[in-house]
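Descriptive structure summary
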Amino acid sequence: MAHALAERLAIPYYDKKILEDAVLKSGMREEVMKKAEEQLPNALLHSIYYEGNSTEYYGKSANEILYMAQRQVILEYAEKSDCIIVGRCADVILKEYQEYAVKSIFVTAPMEHRIATTMKKDNLEEKAAAALIRKSDKKRSAYYAYHTGRDWGKASDYDFCVNTATTGMQTLVDLCEEIYRRMG
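Only a predicted model underlies this, so the values are computations on that prediction, with no experimental measurement involved. (Residues numbered from 1 in each chain as written. Predicted model: local features only at pLDDT ≥ 70, side-chain atom pairs only at ≥ 80, totals over all residues. Heavy atoms only, no water.)

**Thoughts on the pattern of salt bridges**
Enumeration over the complete set of coordinates arrives at 12 salt bridges. The partner of Arg 8 in a salt bridge is Glu 177, and the shortest N-O contact between them spans 2.7 Å. With Arg 8 in helix 1 (residues 2-9) and Glu 177 in helix 9 (residues 169-183), the pair connects residues that are 169 residues apart, well separated along the chain. Across the pair Glu 31 and Arg 29 runs a salt bridge whose closest N-O atoms are separated by 3.0 Å. On the basis of relative accessible area, Arg 29 is assigned to the partly exposed category, the value being 37%. (Salt bridge = Lys/Arg side-chain N within 4 Å of Asp/Glu carboxyl O. Helix = DSSP H or I, 4+ residues; strand = E, 2+ residues; numbered from the N terminus. Buried < 20%, exposed > 50% of the residue type's maximum accessible area, 1.4 Å probe, protein only.)

Shown next as structure tokens:
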């Protein structure tokens, strides 16, 4: 959905590229950063991985370094141009700054719809799809709460929440385009 909207609006779309650019910015090894992506620091297993030259990362876990680097990358993207950023607490990061016109949109659907979509997309059995969704939601929720102090998916923390089971992707893209056009 976000990719289709970005194409329609002719603006950049960032999702996985945030991780790639954060790896470059941090100076950390890619495999360490990918393992730390959207994971919480574990005090019992805290290891210092930093091998680069930036003193701001000394004493930090890989998880914290990744979050700090992604935060810097997100701010750089927003400084360059209007864009669409998926996840990584970008809604909260960007709303800290008055110069950015940010609209946060939470896209959701009932569990049955999400399971059916995941089964089709990832060619999974129902139980495996449900388990994958629950695990992913739990990780995202914990990560978001840790870094923002907010509840991931709580409607009052977003500008718009949309149910794709009743709205449909094309209508969602149309609505988001309208929201964007009215911001300008």
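Now that the structure is up, let's keep going.
**With respect to the nonpolar core**
One broad trend across soluble globular proteins is that nonpolar side chains are buried collectively. Ile 18, Met 33, Ile 74, Ile 85 and Leu 94 are the most contacted members of the largest nonpolar core, which has 32 residues in total. Contributions of two or more residues to this core are made by helix 2 (16-26), helix 3 (30-36), helix 4 (62-80), helix 5 (90-95) and helix 7 (126-148). Among the elements that take part in this core, helix 4 stands out by supplying 10 residues, more than any other. With near-sequence residues (within four places) excluded, Ile 85 lies in contact with Tyr 14, Ile 18, Ile 74, Tyr 77, Ala 90 and Leu 94. In terms of nonpolar packing, the next biggest core, distinct from the first, is built from 10 residues, Ala 6, Ile 84, Val 162 and Leu 172 among them. (Core = buried A, V, L, I, M, F, W, Y, C linked by side-chain atoms within 4.5 Å. Contact = heavy atoms within 4.5 Å.)

**A short note on the packing of aromatic side chains**
Overall, the coordinates contain 6 aromatic pairs when judged by the stated rule. Between Tyr 97 and Tyr 100 the ring centres are 6.1 Å apart and the planes differ by 70°, which places this aromatic pair in the edge-to-face class. For the pair Phe 106 and Tyr 158, a centre-to-centre distance of 5.0 Å together with 40° between the ring planes defines the contact as tilted. Of this pair, Phe 106 sits in strand 3 (residues 105-108) while Tyr 158 sits in the loop between helix 7 and strand 4 (160-163), and the two are 52 residues apart along the sequence. Each of the two residues, Phe 106 as well as Tyr 158, counts as buried. The rings of Phe 106, Tyr 144, Trp 152 and Tyr 158 are connected pair by pair, giving a single aromatic cluster. (Phe/Tyr/Trp six-rings, centres within 6.5 Å; stacked < 30°, edge-to-face > 60°.)

The values reported here are purely geometric and, on their own, carry no functional implication.
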